[in-house]
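Observations on chain architecture
This is what each chain is made of:
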Amino acid sequence: MPIRGLLISYFRLILFALAEQIAKWPKEYLLAGTADSFEQGIEQTGLSKADVIVVDIDTSPDNALPFITTLHAISEAKILLLTRLENNELQDKAIVFGARGVVDRNATPESFL
């Protein structure tokens, strides 16, 4: 059974690129949904039954930590952070709030999957 992933980012180009990568591995991964805002991400989390939720924390760094808390309250999915910034303090706090890992801007598509 493929791993179901939900992608959340305000940057639609990132959503498109990640969805394209997931589509290349249909036996292993399934795109459970996408959201281009945290609000839409909460809606999609309830609908998607995702195993993994990828959250672009650069989308809204000030709201990222409460958003992670909300995701944990409504889903058992693992949360993976996506970032292009070098904000180690935010990343560390996000891990404390329950994120399972961080994918930074140097990651290859293969290491992401």
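Heads up: the structure comes first, above all this text.
Residues numbered from 1 in each chain as written. Predicted model: local features only at pLDDT ≥ 70, side-chain atom pairs only at ≥ 80, totals over all residues. Heavy atoms only, no water.

**What to know about the overall build of the protein chain**
Across its full length, the protein chain holds five helices and five strands. Start at the N end of the protein chain and walk to the C end: the helices and strands fall as β-α-β-α-β-α-β-α-β-α. For a compact globule of 113 residues, the expected C-alpha radius of gyration is about 13 Å, and the protein chain comes in at 13 Å, within 12% of that figure. Expressed as lengths along the three principal axes of its C-alpha atoms, the size of the protein chain is roughly 35 × 30 × 20 Å. Each of the 113 residues in the protein chain was classed as buried or not, and the buried ones make up 43%. Considering only contacts in the protein chain between residues 6 or more positions apart, those separated by 24 or more positions represent 68%. Surface accessibility of the protein chain: about 6600 Å² in total, with carbon and sulfur atoms responsible for 56%. With 10 positive and 15 negative side-chain charges, the protein chain shows a separation of 6 Å between the mean positions of the two kinds. (Helix = DSSP H or I, 4+ residues; strand = E, 2+ residues; numbered from the N terminus. Rg over C-alpha atoms; globule rule 2.2 N^0.38 Å. Buried < 20%, exposed > 50% of the residue type's maximum accessible area, 1.4 Å probe, protein only. Contact = heavy atoms within 4.5 Å. Areas by Shrake-Rupley, 256 points an atom, 1.4 Å probe, with all protein chains shown as cover. Lys, Arg positive; Asp, Glu negative; His and termini not counted. Charge placed at Lys NZ, Arg CZ, Asp CG, Glu CD.)

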